[in-house]
Amino acid sequence: MSKVLIKGGRVVTAVDDYVADILIQAGKIEAIARSLEIEDAQVHDATDLLVLPGGIDVHVHMETPMGNGVYTCDTFESGTISAAFGGTTTIIDFAQQFQGESPKLALDRRLADAAPQCCVDYGFHVILTDANADAIAELPDLVNHEGVSSFKLYMAYPGVMMVDDAAIYKIMRKVGSHGGMVNVHAENGTVIQALIEEALAAGNTSPKFHQLTRPRLMEGEATHRAIRIAELAEVPVYIVHLSAKEALDAVVEARDRGIHAFAETCPHYLFLDEVQYNHPGFESAKYVMTPPLRDRRCQHELWRGLQFDDLQIVSTDHCPFCFNENPMGLLKSKRYGQDNFNKIPNGAPGVELRLELLYDGGVRTSKINLNRFVQLTATAPAKMFGLFPRKGTIAIGSDADVVLFDPNKEHTLSASTHHSNVDYSLFEGRKIQGKVEKVFLRGELIVDGEQWLGSPGMGQYINRTASGRIL
Ligand code: URP
Ligand code: ZN
C-alpha cells in the first residue's frame, strides 16, 4: 500500500495540539514529526487545517427493522457514506435479538448484511429482548470471541423491546462478570404506555403528543433505576441518548458515589428544543425521536454535563425515516404515522453532522475546547467501547483514520447536499463554520471535498475489547 504524507496540519487529539507532519504506511500512522520528507509518498497539504482522529459514532441504526415492516431509510452503504462525509470513520450499530432467538444468530445476520456494504469500519452492540437462560449463557462468548463487549437493553416500548427489571438484573450480572457493559434506553415504558393510551382516548393524535407522553420525569426515574440495578449487578452502565436534566441528575449522583455510570447525549438535544413540536400539521413528525426534544434548561444542563465529564460521549442516534412517502415508500417514512403519533417511526437523522455541529456550536462558542471536542467524538467512544488505541487518537501504530477539517469554511446545512437517503435535515438552512475536507480510512482517502472515493465493503468489522473501563 502506498505511503501518505499529511503535511503541516494542526494535529489535535484529546490531549495534544501541535503542528506536524504525519506519515501513513500500510494503513497505520507510521511517524509524526515536525518535518518529514518522504520521496515516494502521496502528499496532502494540511496547512491551516485541523488534523483530527476519525470520528466514532457509537449509536446509529442503519437498515433497521422497527416492526410491522417499517425500516430506517439508510442502508449500511448510504449511511456509512454519509458518516464518512461527516468525518466519522467508525460506527457501532445494533444487532437485535428477536424473541426466542440466539444473540449470536442476531449478530451473524447483521454482519452478513453489513459486510458487503459498509464504507467505514464498524461494530455492533447486541440488543437483548429475551433474557432466556440459553441467551444469557451465550453472552460471555460474544464478549470473548466475537468482539461484542456492549449490550443494549430497553426499559421502553413494552411488548416490543422492553425487558423487565429482573431480566435487566440477570443480563447485567452476566455481562459485568465478563468484561462487558450494558447500554440502557432509560424511559419508564409502562407509564409512558399509559400516557399514550390516555392521549389517544382523548382524540389527541398529532405529533406533539409524542413529546407530551414522554415526560422528563419518566426518563429520570428509569435512569435512576437502571443505574441502581447496575450497581447491584456490578456492571458498568451506559445511558444512551440522555436528554433530560432529571436523567443527568441521576448519572451525576451515581458518579459522585464512584459508580461506573456513563452517558451520551446527541446533537439534536444540544441544538434543538421542544418548540419544534409546535409546527402546524404533520411537520413536527420530523422531530419525533425518543426521547423527545426538551426545554432550554435541559440543553444548558447537557452542555454543563459535557464540560464536567458527567456526559462522556456525543453520538447521533442516527435513525432516519423520510418525511415524504416517495420515493422510498411508506414503510421508510414518517407518513406511516400520519394519523396517529404513536405510529410515527421514532428517530431522526444526523450521522453526517455531528462533528461540524459540535465544532460550530460547541468549540466556536467556547462551550468546549478542541481537545474536549476530540475526546467527545473520538477518544472517549474508542475507550468506552473497546476500540482504543487502535481507534480514537492520532498516535504511532494507530489506524490512520484521519480527518482534515477546515475550521474557517462557512457552509449551509441542507438535505439537498447531505449524503444520507433521508429527504430532510433537522438543521435545514443552518449556517455554520467548520467543514470536513478530507477523510482517510486506514490510510485510504475516501472523501476529498465533495468527491466520494470509497467503496462498499471496504469497512472492516472491528473486534472490540472490554467496554466501560474508561476511568
Ligand atoms: O427515536 C429513536 N431514538 N429511535 C431509535 C430507537 C430507539 O428508541 O432507540
Ligand atoms: Zn437509538
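Residues numbered from 1 in each chain as written. Chains lettered and ligands numbered in written order. Predicted model: local features only at pLDDT ≥ 70, side-chain atom pairs only at ≥ 80, totals over all residues. Heavy atoms only, no water.

Turning next to the coordination of the zinc ion (ligand 2). Put simply, a metal with four donors set out as a tetrahedron has ideal angles of 109.5 degrees, and one with six donors set out as an octahedron has ideal angles of 90 or 180 degrees. The protein atoms that coordinate the zinc ion (ligand 2) are His-59 (NE2), His-61 (NE2) and Asp-317 (OD), at distances spanning 2.0 to 2.2 Å. Sequence spacing among the residues donating to the zinc ion (ligand 2) works out to H-x1-H-x255-D. Placement of His-61 in the loop between strand 6 (55-57) and strand 7 (65-67) and of Asp-317 in the loop between strand 15 (313-314) and helix 11 (354-363) is noted, with a sequence separation of 256 residues between them. Given the relative accessible area of 7%, His-61 is considered buried. Looking at Asp-317, the relative accessible area reads 7%, which means it is buried. (Donors = N, O, S within 2.8 Å, 3.2 Å for Na, K, Ca; no water. Helix = DSSP H or I, 4+ residues; strand = E, 2+ residues; numbered from the N terminus. Buried < 20%, exposed > 50% of the residue type's maximum accessible area, 1.4 Å probe, protein only.)

With four bridges connecting them, strand 17 (residues 431-441) and strand 18 (residues 444-448) associate as antiparallel partners. When the sheet's bridge partners are listed, Val-439 is paired in strand 18 with Val-447. Where strand 18 folds back on strand 19 (residues 451-452), the antiparallel hairpin that results is connected by two residues, among which Gly-449 adopts a positive phi of roughly 65 degrees. (Pairing = 2+ DSSP bridges.)

Moving on: helix 1 (residues 76-85). Judged by how many residues are buried, helix 1 sits mostly within the fold: nine of 10 residues are covered. Tucked into the core, helix 1 has its buried residues touching strand 9 (88-96), helix 2 (103-114), strand 10 (121-127), strand 17, strand 18 and strand 19. Looking one or two places after helix 1, you find Gly-87, whose phi comes out positive at around 85 degrees. (Contact = heavy atoms within 4.5 Å.)

Side chains carrying opposite charge are able to pair once their charged atoms draw close together. Following the criterion strictly, the structure yields 36 salt bridges and no others. A salt bridge links Lys-391 to Asp-121; its shortest N-O distance comes to 2.6 Å. One end of the pair, Lys-391, is in the loop between helix 12 (370-384) and strand 16 (402-412); the other, Asp-121, is in strand 10, and 270 residues separate them in sequence. Accessibility assignment for this pair places Lys-391 and Asp-121 in one class, buried. Note on Lys-391: relative accessible area 1%, which makes it buried. Within the structure, one salt-bridge network assembled from shared partners comprises Lys-28, Asp-121, Arg-390, Lys-391, Asp-399, Asp-401 and Arg-442. (Salt bridge = Lys/Arg side-chain N within 4 Å of Asp/Glu carboxyl O.)

In this section: the sheet that holds strand 11 (residues 150-154). Reading across from one edge, 6-9-10-11-12-13-14-15 is the order of the eight strands in this open sheet, with parallel pairing throughout. At either end of the open sheet lies a strand with only one pairing partner, and these are strand 6 and strand 15. Sheet topology places strand 13 (residues 237-239) next to strand 14 (residues 261-265); three bridges connect them, and they run parallel. Bridging from a neighbouring strand, Val-237 pairs with Ala-261 of strand 14. Strands strand 9 and strand 10 of the sheet are contacted by helix 1, whose axis makes an angle of about 145 degrees with strand 9. Packing against the sheet, helix 12 makes contact with strand 6, strand 12 (181-185), strand 13, strand 14 and strand 15, and its axis sits at approximately 60 degrees to strand 6. (Axes fitted to C-alpha atoms, helices over the stretch in contact; angles between N-to-C directions.)

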